[in-house]
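The chain contents come next:
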Amino acid sequence: MPSSVAPSESPLHPMFLQVKEMEEQLGALRTSLVCALNQVLDLRDLNTGVHSTRLAEWALHVAGDLGLPETTLADIETAALLHDIGKIGIPDAILNKPARLSDEEYDWMKKHPEYGWAVLRQIPGLDRASLLVLHHHESFDGKGYPGGLQGEEIPIGSRIVSVIDAFDAMVSSRPYRRGLPIEEAERRLLAASGTQFDPIVIAKFLPLARAEMTAVFAAAGTTVSAVL
Ligand SMILES: [Fe+2]
């Protein structure tokens, strides 16, 4: 009976081993590039190591809980780490403005998902992640940007990043304000479930956020502002 596996697909065939090796090298190169770009964000103070690592962990956890395929997990991890890389193209005067942005400044700020997409799509292997970055400010009800996509039109990875990024921003302390208590951040996420955020993602993320944050505070033995 003829085998259904072509000779070159056999795990012991030299060509199979060569392809496997090349895939591993490409994967390692991609990981190095993502780390390098994450450091660029650090240098511009657009991302801190703790925050970006935490976002990536949460995103992977939610994606796993949603039963998303293994192949999309790396894209979601990359998007969680690099979603705001396009802010590199926004002037400091806007990025660091302590007051409310003018309409014109806000319009400029809203360009950052497209800037990020334009950068990441150039890198082989990051094309899918670049699309997740492009859509990370879409709103579940279609009122977001840049595409005004609605519901499941928005890639699931973008819907996940949107929720965890909003939660992280709410509970994190900034030089000019203290982070919100977790309960208040949860309340705001729930209030926007089905309008700004995907209810399915919210349902998966909230128990995780509660458990994670409790663990973080317990480990630090201290307050929200000291660890965030
Ligand atoms: Fe963003």
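This one's a predicted model, so the numbers in the text were calculated from it and none came from an experiment.

Turning to the overall build of the chain, a few remarks are in order. For the chain, the helix and strand inventory stands at 11 helices and zero strands. Counting over 228 residues, the chain shows a buried share of 29%. Summarising the internal contacts of the chain: among those between residues at least 6 apart in sequence, 57% fall at separations of at least 24.

Turning our eyes to something else, we now look at helix α1 (residues 14-43). Helix length check: α1, at 30 residues, gives a terminal C-alpha distance of 43 Å against a target of 44 Å (1.5 Å per residue), a fit within 8%. Sparse coverage of α1 is indicated by the burial of three of its 30 residues. Within α1, the full set of buried residues consists of Val34, Leu37 and Leu41. Where α1 is buried, its residues contact α3 (70-82). One or two steps after α1, the chain reaches Asp45, where phi turns positive at roughly 60°.

Quick look at the packing of α3 against helix α7 (residues 127-134) now. Where α3 meets α7, the closest approach of the two axes is 8 Å, and the angle between their N-to-C directions is 50°. The orientation of α3 relative to α7 falls into the category oblique. Once α3 is placed against α7, the crossing between them reads as right-handed. On the side of α3, the interface is formed by Asp75, Ile76, Thr78, Ala79 and Leu82, while α7 contributes Arg128, Ala129, Leu132 and Val133. For the contact of α3 with α7, a count of residues per class yields six nonpolar, one polar and two charged.

Note that soluble globular proteins tend to have their nonpolar side chains buried in a common cluster. Among the nonpolar cores identified, the biggest contains 37 residues, and Ala59, Ala80, Ile160, Val163 and Ile164 are the most heavily contacted of them. Within the residue set of this core, elements represented by two or more residues are α1, α2 (49-65), α3, α6 (112-120), α7, α8 (156-171), α9 (182-191) and α10 (199-220).

Another point: the confidence of the model for the chain. In the predicted model, the chain carries a mean pLDDT of 87, and 88% of its residues have values of at least 70. Counting interchain partners and residues more than four positions distant, the pLDDT-below-50 stretch residues 220-228 has 16 contacts.

What follows is about α9. When we look at burial in α9, the residues that qualify are Ile182, Ala185, Glu186 and Leu189. Taken down its axis, α9 places every buried residue within 100° of arc, on the same side. Those residues of α9 that are exposed and angled more than 90 degrees off the buried face are Glu183, Glu184, Arg187 and Ala191.

What counts and how
- Residues numbered from 1 in each chain as written.
- Predicted model: local features only at pLDDT ≥ 70, side-chain atom pairs only at ≥ 80, totals over all residues.
- Helix = DSSP H or I, 4+ residues; strand = E, 2+ residues; numbered from the N terminus.
- Buried ≥ 20, exposed ≤ 12 C-beta atoms within 10 Å, placed from the backbone.
- Contact = placed C-beta atoms within 7 Å.
- Expected span 1.5 Å × (residues − 1).
- Axes fitted to C-alpha atoms, helices over the stretch in contact; angles between N-to-C directions.
- Parallel < 35°, antiparallel > 145°, perpendicular 65-115°, else oblique.
- Left-handed = near helix turned anticlockwise from the far one by under 90°.
- Nonpolar A, V, L, I, M, F, W, Y, C, P; charged D, E, K, R; others polar.
- Core = buried A, V, L, I, M, F, W, Y, C linked by C-beta atoms within 7 Å.
- pLDDT = per-residue confidence, 0-100.
- Arc of directions from axis to C-beta.

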